[in-house]
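The chain contents come next:
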Amino acid sequence: MTKGYLCLVLHGHLPFVRHPEHENFLEEDWLYEAITETYVPLISVFEGLVNDGIDFRITMTLSPTLISMLADSLLQERYLKHINSLIELSRKEIERTRWQVDFNRLAQMYFNRFSHARDIFQKYNCNLVYAFKKFQDLGKLEIITCGATHGFFPLMDVCRDSVRAQVKVAAEHYESAFGRRPRGIWLPECGFCPGHDEILKDAGIRYFFTDSHGILHGTPRPKYGVFAPVYCKGTGVAAFGRDLESSKQVWSSIEGYPGDYNYREFYRDVGFDLEFEYIKPYIHPDGVRINTGIKYYRITGLNNHKEPYILEWARQKAADHAGNFMFNRQKQADYLYNLMGKAPIIVSPYDAELFGHWWYEGPMWLDFLFRKVACDQQDIRMITPSEYLEQNPRNQVITPSFSSWGYKGYSEMWLQGTNDWIYRHLHMASGRMSELVKSFPNSSGLQSRALNQALRELLLAQSSDWAFILGTGTHTSYAVRRTKDHLLRFNRIYEDVKSNNIDERWLSDIESKDNLFPNINYQLHQ
């Protein structure tokens, strides 16, 4: 008998990083690493499950910026160059380590994995969005959308036109990629502000997620805590709350599974470990050492001494941890079922890049978990939010509270001394965009192109990633540059349109650089 449901959610997102003006650009590696280490391994897991007849369910965000980059021909071409370089390096590593048995078999492992990544990439015509669409069409995966450029909605609330634009542009972009409207959305950084559910409803979105306290501090208090969705008062849009227990079990690198000593050590990479002249062709052309993805050690312990990675040991741990996770969810569901008198839903959301990129064995763990849940027990069943709502249409009506995830849970990560300076400029630009929409309701030709590009530049400036990076203190110069570049471009377009003096050559140049959302309509900003 099913005593509970498990809803796994992976949030797949990267900021839009595309620099055709440079042959090599360091931050573009974020996408290439994610493709090799997270998205191809996840696709491989899904393919294996389907081929073996294992029934599974999972929910994934593919943010509009991530989809745009995965579908971009320039970045696809550059990824092939990147993965071919890694295949060449791993082949050289097989030769270099031929007298070191432990490392040699790992070099062979990386050669096989990089070659497999290239095969999968080419199998889907270099566009992995096709792969994810296939699993959605099979009914195994539910893909949800996100803010158009991952703008942090609570700090955009002074101009709701911008929140509406983030949602509307995302929904239209999703439809162009998957052939139907999105049913759910991952609010960027899990940031919810009461009233934004009206915007979601207008876009046809049926549900979203909040952090636990967004539901628990709702009005009135939810009868079933986070173990049943609630409907927002006045709109009927459903909100699912994060389960803290299952989240922490996987999320924490200290207390959670990823910190096990048998798992691969992330911070030891041949890009930093090997002699400079040898590794030089495979790091940044400026000589900046970078992660290559070839890592030979396991975590081993708390100090700097590291032992060679042993895949078989790690695989066994991943199987053990998947079994432990399932056992705990069975016990959790059994307890809640008796307490609630109905089957609870346990919502476990994670950043997608935890699986494979940060936690190398993460996709392996998911594979074991899906198979164990399908074959080894009957207490819990995996489900997507849409399926749950179809089967459980009666839910409590409340108003969820203002909330986010991250440090302290109330926006602090995106609003602190290192990044607060950006908001007055963003708010000014939002107001100016609304002014342009009202002033030029029926533009066409060059003016329409300029207005559409103005909205692209505003959306790109609003990405929460820049404030986050400024908050963490890493890659800050790049985040400052991106924020300023997009705002400066926006403001120039604003002035040019107002004065009817648009420089078409300059406009064409930035259209070619910031080329996401090719069918965007500036009138969505209202």
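Preceding this section is the structure that the text describes.
Residues numbered from 1 in each chain as written. Predicted model: local features only at pLDDT ≥ 70, side-chain atom pairs only at ≥ 80, totals over all residues. Heavy atoms only, no water.

Asker: Which residues make up the packing of helix H1 (residues 29-51) against helix H3 (residues 73-96), and what values do they have?
Answerer: Contact geometry of H1 with H3 gives a least axis separation of 10 Å together with a crossing angle of 65°. By the criterion of interaxial angle, the relationship of H1 to H3 is roughly perpendicular. H3 is crossed by H1, and the crossing has right-handed handedness. Taking contact as the criterion, the partners of Asp 29, Leu 31, Tyr 32, Ile 35 and Thr 36 in H1 are, on H3, Leu 75, Arg 78, Tyr 79, His 82 and Ile 83. Split by residue class, the contact of H1 with H3 holds 6 nonpolar, 2 polar and 2 charged. (Axes fitted to C-alpha atoms, helices over the stretch in contact; angles between N-to-C directions. Helix = DSSP H or I, 4+ residues; strand = E, 2+ residues; numbered from the N terminus. Parallel < 35°, antiparallel > 145°, perpendicular 65-115°, else oblique. Left-handed = near helix turned anticlockwise from the far one by under 90°. Contact = heavy atoms within 4.5 Å. Nonpolar A, V, L, I, M, F, W, Y, C, P; charged D, E, K, R; others polar.)

Asker: So what's going on with the packing of aromatic side chains? Residues and values would help.
Answerer: Counting across every chain of the model gives 35 aromatic pairs. Note on Phe 56 and Phe 370: the rings are 5.2 Å apart at their centroids and 50° apart in plane angle, and the pair reads as tilted. Separated by 314 residues along the polypeptide, Phe 56 in the loop between H1 and strand S2 (58-62) and Phe 370 in helix H13 (residues 362-375) bring together distant segments of the chain. Residue Phe 56 is classed as buried on the basis of its relative accessible area of 2%. Three or more aromatic residues joined by ring pairs make a cluster, and in this case those are Tyr 5, Trp 186, Tyr 207, Phe 209, Phe 240, Trp 251, Tyr 388 and Trp 405. Sitting over the ring of Tyr 297, Arg 268 keeps its end group 4.4 Å from the ring centre. (Phe/Tyr/Trp six-rings, centres within 6.5 Å; stacked < 30°, edge-to-face > 60°. Buried < 20%, exposed > 50% of the residue type's maximum accessible area, 1.4 Å probe, protein only. Lys NZ or Arg CZ within 6 Å of the ring centre and 35° of its normal.)

Asker: Just give me the short version of unusual backbone geometry, but keep the residues and values in it.
Answerer: The residue after Thr 219, namely Pro 220, is reached through a cis peptide bond having omega -10°. When you line up the elements, Pro 220 lands in the loop between helix H8 (212-216) and strand S6 (230-232). Even without being a glycine, Lys 408 presents a positive backbone phi close to 70°. By the secondary structure assignment, Lys 408 is in the loop between strand S10 (397-398) and helix H15 (421-439). What makes Lys 408 exposed here is its relative accessible area of 56%.

Asker: Summarise the nonpolar core; cite the residues concerned and give the values.
Answerer: Most often, soluble globular proteins keep nonpolar side chains buried together rather than apart. If you look at the biggest cluster of nonpolar residues, it comprises 177 residues, and the most contacted ones within it are Phe 46, Phe 132, Trp 365 and Phe 370. Among the elements that line this core, the one with the most residues is H1, at 11 residues. Ignoring any residue separated from it by four or fewer positions in sequence, one finds Phe 46 in contact with Phe 56, Ile 58, Met 60, Phe 132, Phe 135, Leu 141 and Phe 370. (Core = buried A, V, L, I, M, F, W, Y, C linked by side-chain atoms within 4.5 Å.)

Asker: Give a detailed account of the pairing of strand S5 (residues 207-210), specifying residues and quantitative values.
Answerer: Because side chains alternate across S5, one face comprises the buried residues Tyr 207 and Phe 209, and the other comprises Phe 208 and Thr 210, equally buried. Summarising the sheet, strand S4 (residues 184-186) and S5 pair through 2 bridges and their orientation is parallel. When the sheet's bridge partners are listed, Ile 185 is paired in S5 with Phe 208. Both S5 and strand S7 (residues 238-241) contribute to a ladder of 4 bridges, which runs parallel. Across the sheet, residue Tyr 207 finds its bridge partner in S7, namely Ala 238. (Pairing = 2+ DSSP bridges.)

Asker: Go over the pairing of S7 with me, naming the residues and quoting the values.
Answerer: Within a regular strand, side chains alternate between the sheet's two faces. Alternating positions in S7 separate into two faces, Ala 238 and Phe 240 on one and Ala 239 and Gly 241 on the other, with burial throughout. Relative to S7, S6 runs antiparallel, the two being bridged by 2 bridges. Along S7, the bridge assignment pairs Val 230 with Ala 239. Between S6 and S7, which pair antiparallel one after the other, the connecting turn spans 5 residues, and Gly 234 there sits at a positive phi close to 95°.

Asker: Any details on the packing of helix H9 (residues 244-251) against helix H12 (residues 311-340)? Residues and values, ideally.
Answerer: For any two helices packed against each other, the geometry comes down to the angle between their axes and how far apart the axes lie. Packing of H9 against H12 brings their axes to within 11 Å, and their N-to-C directions diverge by 170°. Classified by the angle their axes make, H9 and H12 are roughly antiparallel. Every residue of H12 that contacts H9 at Glu 245, Ser 246, Gln 249 and Val 250 is listed here: Asn 324, Phe 325, Asn 328, Arg 329 and Gln 332. Class assignment for the residues of the contact of H9 with H12 results in 2 nonpolar, 5 polar and 2 charged.

Asker: Tell me about H1, and name the residues and values.
Answerer: Its 23 residues give H1 an end-to-end C-alpha distance of 31 Å, which sits within 8% of 33 Å, the value for a rise of 1.5 Å per residue. The sharpest bend along H1 measures roughly 45° and falls at Ile 35. Of all the 23 residues making up H1, 17 are buried; the element is thus mostly covered by neighbouring parts of the structure. (Expected span 1.5 Å × (residues − 1). Bend = angle between axes of the 7 residues up to and from the residue.)

Asker: Kindly report on the environment of Thr 476, identifying the contributing residues and their values.
Answerer: Position of Thr 476 among the secondary structure elements: in helix H18 (residues 476-498). The class of Thr 476 is partly exposed, set by a relative accessible area of 31%. Sequence separation between Thr 476 and Trp 466 is 10 residues; the distance between their C-alpha atoms is 8.1 Å. Every residue in contact with Thr 476, bar those within four places of it in the chain, is listed here: Ile 469 and Leu 470.

Asker: Give me the lowdown on the state of the cysteines, citing residues and values where you can.
Answerer: What the rule picks out here adds up to 0 disulfides. Left unpaired, Cys 146 is separated from the closest cysteine sulfur, that of Cys 190, by 9.9 Å. Take Cys 146: its relative accessible area is 0%, and that puts it in the buried class. (Disulfide = S-S within 2.5 Å.)

Asker: Give me the lowdown on the side chain of Thr 384, citing residues and values where you can.
Answerer: You can see Thr 384 is positioned in the loop between strand S9 (380-382) and helix H14 (385-391). Sequence-distant contacts of Thr 384, that is, excluding residues within four places in its chain, are made with Arg 57, Ile 58, Thr 59 and Glu 142.

In short, shape yes, function no, at least from these values alone.
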